[in-house]
Amino acid sequence: MKTATDLAERARALDGRGYNAYKALRGAWDFETFVLHVDHVQGDPFAAPTRVRVVVPSDTAGLPEASFRSPIRALGTAAFLARALGRSARERSGTAGSGRSGQIEVETPGQEVLAQTAVQVDEAGGVEARFGIGLPARGRRVLGAEAVKLLTTTVPALVRTALVASTHDPDDIERQAEVNEDAEHLRAALGDHGLVAFIADGASLPRKSGVDDRPLEGEAVVAFRAPPSLRVTLEAPNAGPITGMGVPEGVTLVVGGGFHGKSTLLRAIETGVYNHRPGDGREYVVANLDTVKVRAEDGRAVTRVDISGFIDGLPLGRDTHAFSTPNASGSTSQAATIVEALEAGARVLLVDEDTSATNFMIRDRRMQALVPKEAEPITPFVDRVRDLHRALEVSTVLVLGGSGDYLDVADTVVAMRGYEPSDVTTAAVDVAAAHPTSRTPESGAPLRPPEPRVLDRASLDPRRRRRDVHVKVPDLRTLLFGRETVDLGAVEQIVSRAQIRAIGQALAMSAHFLESGPRTVTEILDAVDAMVAADGLDALDGRLPGDLAAFRRHELAAALNRIRSLRVV
Ligand code: ADP
Ligand code: MG
């Protein structure tokens, strides 16, 4: 293998030549303590940066065995190293010429610990990091000396300051693996305890701001404390017994005054489908893996979804057994999102009144008297939520401040007051008895699992202009797929752009599956799940990119369902 010295020589020799000459740097270069792979050289200084990989063998990385003993431990360690690499890259990233010259781009994980491709730790303790570097140029001319510096000084510095154990506090390293393993165990234990979620005592739920997911700090933060009647103890392999509030299966209401922490609690449960980094405050907040947040999303497209269990008899005789629209209303969008979630295998639904359509949620006594049932297509959710659990074994957690009608249908009622939860289930039963709503329950036919939808091969086309696969993620709410723009702003459990990029690649893979014939939505989700489980995220994109992160089938389904060109046979 050619060495780092060879690389330096070659880069120096390119000085002053046209940018394309940089292609000569492709290949593997032995740096003695690691190997640098230059996989794809950018076409010009303004294009996406050159993709490189650094492969650090286990004896250089020096990670303790405990940090990669199991895949789940290795994931915690890898996310930690990726955050360190991101920090180190930010310090060293600069401008060394025109366009992106001198930039170093690392897809840095946020608070969630996801499988990702920026940094991976293998079962022997070896580390592979992938990132982008902007090869330096003035205009379109190679800046040889700058390139030498970037490749042979900066890259080794990144390895030294981020990817080797000796640069970190050993306790800190150990904790990454342990916390990740503990969270995984807590989540796995939920079912045995009849729970859909668990919020540990001492957890810190509020975030710095609506656009900053790091924990809120300071004296104003109220640590979570389970009410005695809902307190359970779960066993974690490293931290030992952990007490906290168990959210039971069935229908759970979170009630309380405005600004008392209801939505913050729900948000913590929402992201409890993921593990969190040590220090996040939500390390031991976990939810059933098939928990899906549903909300109203007017304007979204819906393709042949059977929403008749919730909405039937629309004006102009529109059929809701296979409801399609390019422009859903608040209530039809919320109904469709629920049915799609069930189709993808959701076991728990999360609903916040802040983001729900009122007419989807309730229809009170007076409205029933004024507008007869025959003239109201909607069966309100309050008349469906019990059925969801009884018939389909799907639990619901609802945040409500405004409608007491739900007290009749709740199994558990938690009240938030000054950010402290209390169990008011008994009080709620008394209130419901003392103040009957006098409304007539409006259930139609019993709820059934959604019929499978079969996708046509024309549904998905990843091509755009001369590209076979066009996937771009301009921001955290948008996926550009082929010629489609997919709005993911209302898919609240997507937490990173890297997830969206991976979802885009998974959709391209789905298009490939469809080429051999029609497939149901669930078949496609299963196929993608199986591929990623077997071969990791690289199965989705053979170019060894460093900007993919794991997603659940629910987020893939959400993206699929929001593609406006979708065709159901
Ligand atoms: P609600 O949904 O009940 O109206 P939110 O959950 O939106 O209330 O919370 C209101 C505000 O209180 C938010 O700014 C949130 O960050 C903050 N907050 C939530 N939980 C806590 C807590 N445990 N300690 C301190 N502040 C909190
Ligand atoms: Mg709220």
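No experiment lies behind these values; they were computed from the predicted model shown.

Right, let's get into the domain arrangement of the protein. When cut into domains, the protein gives domain 1 (2-168), domain 2 (291-434) and domain 3 (457-561). Computed from C-alpha atoms alone, the centre-to-centre distance between domain 1 and domain 2 is 49 Å.

This part is about the coordination of the magnesium ion (ligand 2). Those protein atoms acting as donors to the magnesium ion (ligand 2) are Ser263 (OG) and Asp354 (OD), and they sit at 2.1 to 2.2 Å. Placement of Ser263 in helix α6 (residues 262-270) and of Asp354 in the loop between β21 (348-352) and α8 (358-361) is noted, with a sequence separation of 91 residues between them.

Attention now moves to empty space enclosed by the protein. Tallying each qualifying case throughout the model produces one cavity of 30 Å³ or more. In this structure, the largest cavity is lined by 19 residues; those nearest its centre are Val292, Lys293, Thr337, His554 and Ala558. Among the elements of the structure, β18 (291-294), α7 (330-344) and α14 (553-561) are those that each provide at least two residues to the lining of the largest cavity. Among the elements that line the lining of the largest cavity, the one with the most residues is α14, at five residues. Within the lining of the largest cavity, the residues separate by chemical class into seven nonpolar, four polar and eight charged. Viewed by domain, the lining of the largest cavity spans two of them, domain 2 (291-434) and domain 3 (457-561), each represented by three or more residues.

What follows is about the pairing of strand β12 (residues 212-215). With two bridges connecting them, strand β11 (residues 207-209) and β12 associate as antiparallel partners. Bridge pairing in β12 links Arg207 to Pro215. Taken together, β11 and the strand that follows it, β12, pair antiparallel across an intervening segment of two residues.

For the second largest pocket, the calculated volume is near 1200 Å³. Taken together, the elements giving at least two residues each to the lining of the second largest pocket come down to β3 (50-56), α3 (71-92), β6 (119-121), β7 (127-133), α5 (170-189), α13 (521-535) and α14. Taken together, the residues of the lining of the second largest pocket break down into 23 nonpolar, eight polar and twelve charged. When residues of the lining of the second largest pocket are assigned to domains, at least three fall in each of domain 1 (2-168) and domain 3 (457-561).

The element α14 is extensively covered by neighbouring structure, given that nine of its nine residues are classed as buried. By the burial criterion, the buried members of α14 are Arg553, His554, Glu555, Leu556, Ala557, Ala558, Ala559, Leu560 and Asn561. Considering only its buried residues, α14 is in contact with β18, α7, β25 (454-455), β28 (484-487), α12 (497-515) and α13.

This part takes up the packing of aromatic side chains. Summed over the entire model, instances satisfying the criterion amount to five aromatic pairs. Judged by centre distance (5.7 Å) and plane angle (25 degrees), the ring pair of Phe360 and Phe381 falls under stacked. Taken together, the residues span a long stretch of sequence, with Phe360 in helix α8 and Phe381 in the loop between α9 (365-370) and α10 (385-392) at a distance of 21 residues. The class of Phe360 is buried, set by a relative accessible area of 0%. When its relative accessible area of 0% is taken as the criterion, Phe381 is described as buried.

All right, on to the pattern of salt bridges then. Tallying each qualifying case throughout the model produces 36 salt bridges. Taking the shortest distance from any N to any O, the salt bridge between Lys293 and Glu270 comes out at 3.3 Å. Of this pair, Lys293 sits in strand β18 while Glu270 is found in helix α6, placing the two residues 23 residues apart along the sequence. The exposure class of Lys293 is buried, given its relative accessible area of 9%. For Glu270, a relative accessible area of 2% puts it in the buried group. The residue Arg282 makes a salt bridge to Asp280 at a minimum N-O spacing of 2.7 Å. You can call Arg282 buried: its relative accessible area is 1%.

Basis of the calculations
Residues numbered from 1 in each chain as written. Chains lettered and ligands numbered in written order. Predicted model: local features only at pLDDT ≥ 70, side-chain atom pairs only at ≥ 80, totals over all residues. Heavy atoms only, no water. Domains from an automatic or database assignment. Donors = N, O, S within 2.8 Å, 3.2 Å for Na, K, Ca; no water. Helix = DSSP H or I, 4+ residues; strand = E, 2+ residues; numbered from the N terminus. 1 Å grid on protein atoms, 1.4 Å probe; cavity = no way out; pocket = protein on both sides within 12 Å on 5 of 7 lines; lining within 4 Å. Points joined across faces, edges and corners; volume = space filled by probe spheres on them. Nonpolar A, V, L, I, M, F, W, Y, C, P; charged D, E, K, R; others polar. Pairing = 2+ DSSP bridges. Buried < 20%, exposed > 50% of the residue type's maximum accessible area, 1.4 Å probe, protein only. Contact = heavy atoms within 4.5 Å. Phe/Tyr/Trp six-rings, centres within 6.5 Å; stacked < 30°, edge-to-face > 60°. Salt bridge = Lys/Arg side-chain N within 4 Å of Asp/Glu carboxyl O.

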